[in-house]
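# Examining the three-dimensional arrangement
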Amino acid sequence: MAKLMVLLIGIAVIFSVIAFKGGNPFVGVLFVLVAAAPVVYFGYFVASRGRAGGAPDQHLRPQQRRQRTLLLRATAAVMVLAVGYGVYWVMFQPKANDKALSRVSDFETGCGDGIARKYFPQAADRTGAGPHPIAMFTISESGSPRQVFPTSGAADYWSGNTLAPSRVQLIACLDSPDEGEFLTDCKFTTDSIKLYRGVYDVTVYEARTGKKVGSEQLLGSGKPNCPGMVYLKKGTDRLHTEPEFADYQAVLRKYVES
């Protein structure tokens with residue numbers, strides 16, 4: 001029991017530090033109280049037992065015992081709800097990025113399934129008419145995020161190499177692909193892997209606030225072109241085509257250029 005108490009206190013302290021650093025003092029104070037609660041209760045238990053000359057409940061009437069039990073249960077329920085919210089905030093709410101931005105690829109931490117997703121207070125405000133410069137990221141077959149670059153001749157506000165990170169207003173994040181139609185078998189030196197047309201959910205966020213702007217769906221290329229070399233995530237037994245740049249423009253133009 002003592003080891004479990006120490007573990008819970010340690011977790012609460014860590015979450016408290018994350019909350020304070022992430023700019024949410026309410027959650028930080030909440031976890032400070034959670035960390036202190038076992039110590040305070042243990043001290044109360046010891047003091048009550050000493051005053052009563054035995055178990056602390058022995059000097060209470062039956063009605064007082066019931067009231068105390070109800071109070072403890074109500075307090076525990078409130079704490080569970082509060083801790084649940086705190087864990088949700090720590091694990092799933094976006095946090096401010098405190099590192100300097102030197103290139104567009106630095107915005108990749110703005111993507112993710114909520115866990116440890118970042119927003120960037122130093123990015124530009126999304127105000128007025130377009131264009132609204134965007135940083136776009138897809139998920140490679142190895143499972144890591146990768147910046148999407150525009151084709152030659154496209155405006156630099158489409159995630160281009162020459163786009164200054166301070167100008168970025170939007171972040172587009174592609175999820176891991178689902179399978180569309182089967183295209184071909186890709187032959188490699190020691191193996192053959194099936195190639196499918198990728199089906200991607202894409203979410204658009206404001207870079208400065210992390211606020212969700214919208215969500216769309218993108219299809220990968222329908223061309224049965226096999227890569228010359230590919231790195232696969234462990235357990236992966238199929239490949240997916242990625243969208244062509246024109247597909248990004250067609251789906252995301254309403255966010256970027258209007």
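Everything in this summary refers to the structure shown in the same document. All values derive from a computational prediction rather than experimental measurement. (Residues numbered from 1 in each chain as written. Predicted model: local features only at pLDDT ≥ 70, side-chain atom pairs only at ≥ 80, totals over all residues. Heavy atoms only, no water.)

## A closer look at the state of the cysteines
Per the stated rule, a full pass over the model turns up two disulfides. With its sulfur 2.0 Å from that of its partner, Cys111 forms a disulfide with Cys173. Negative torsions about the S-S bond denote left-handed disulfides, and the value of about -80° found for Cys111 with Cys173 makes this one left-handed. Of this pair, Cys111 sits in the loop between strand 1 (95-96) and strand 2 (118-119) while Cys173 is found in strand 5 (residues 170-174), placing the two residues 62 residues apart along the sequence. We classify Cys111 as buried; its relative accessible area is 15%. Its relative accessible area of 5% is what places Cys173 among the buried residues. A sulfur-sulfur distance of 2.1 Å marks the disulfide that ties Cys186 to Cys226. Linking Cys186 and Cys226, the disulfide has an S-S dihedral of approximately -85° and is accordingly described as left-handed. Here Cys186, found in strand 6 (residues 178-187), pairs with Cys226, found in the loop between strand 8 (212-219) and strand 9 (238-241); they are 40 residues apart in sequence, far enough to count as distant. (Disulfide = S-S within 2.5 Å. Helix = DSSP H or I, 4+ residues; strand = E, 2+ residues; numbered from the N terminus. Buried < 20%, exposed > 50% of the residue type's maximum accessible area, 1.4 Å probe, protein only.)

## With respect to the pattern of salt bridges
In this structure the tally under the stated criterion is 11 salt bridges. Across the pair Asp125 and Arg208 runs a salt bridge, and its minimum N-O distance is 2.9 Å. On the criterion of sequence distance, the pair formed by Asp125 in the loop between strand 2 and strand 3 (134-139) and Arg208 in the loop between strand 7 (192-206) and strand 8 is long-range, its members being 83 residues apart. A salt bridge links Arg126 to Glu206; the shortest N-O distance between them is 3.6 Å. With Arg126 in the loop between strand 2 and strand 3 and Glu206 in strand 7, the pair connects residues that are 80 residues apart, well separated along the chain. (Salt bridge = Lys/Arg side-chain N within 4 Å of Asp/Glu carboxyl O.)

## Re the environment of Ile139
Tracing the backbone through its elements, the reader meets Ile139 in strand 3. C-alpha of Ile139 to C-alpha of Asp175: the two residues are 36 residues apart in sequence and 6.6 Å apart in space. With residues up to four places along the chain from it excluded, the contact list for Ile139 reads Ser144, Pro145, Leu174, Asp175, Ser176 and Glu242. (Contact = heavy atoms within 4.5 Å.)

## Re the packing of aromatic side chains
Each aromatic ring pair is described using two quantities: the centre-to-centre distance and the angle formed by the ring planes. Taken as a whole, this structure holds four aromatic pairs when the rule is applied. Seen from their ring centres, Tyr157 and Trp158 are 6.4 Å apart, and the 40° between their planes marks the pair as tilted. As far as the burial class goes, Tyr157 and Trp158 line up, both buried. A connected cluster of aromatic rings, assembled from ring pairs, spans Tyr157, Trp158 and Phe245. Positioned above the aromatic ring of Tyr205, the side-chain terminus of Arg117 is 3.9 Å from the ring centre. (Phe/Tyr/Trp six-rings, centres within 6.5 Å; stacked < 30°, edge-to-face > 60°. Lys NZ or Arg CZ within 6 Å of the ring centre and 35° of its normal.)

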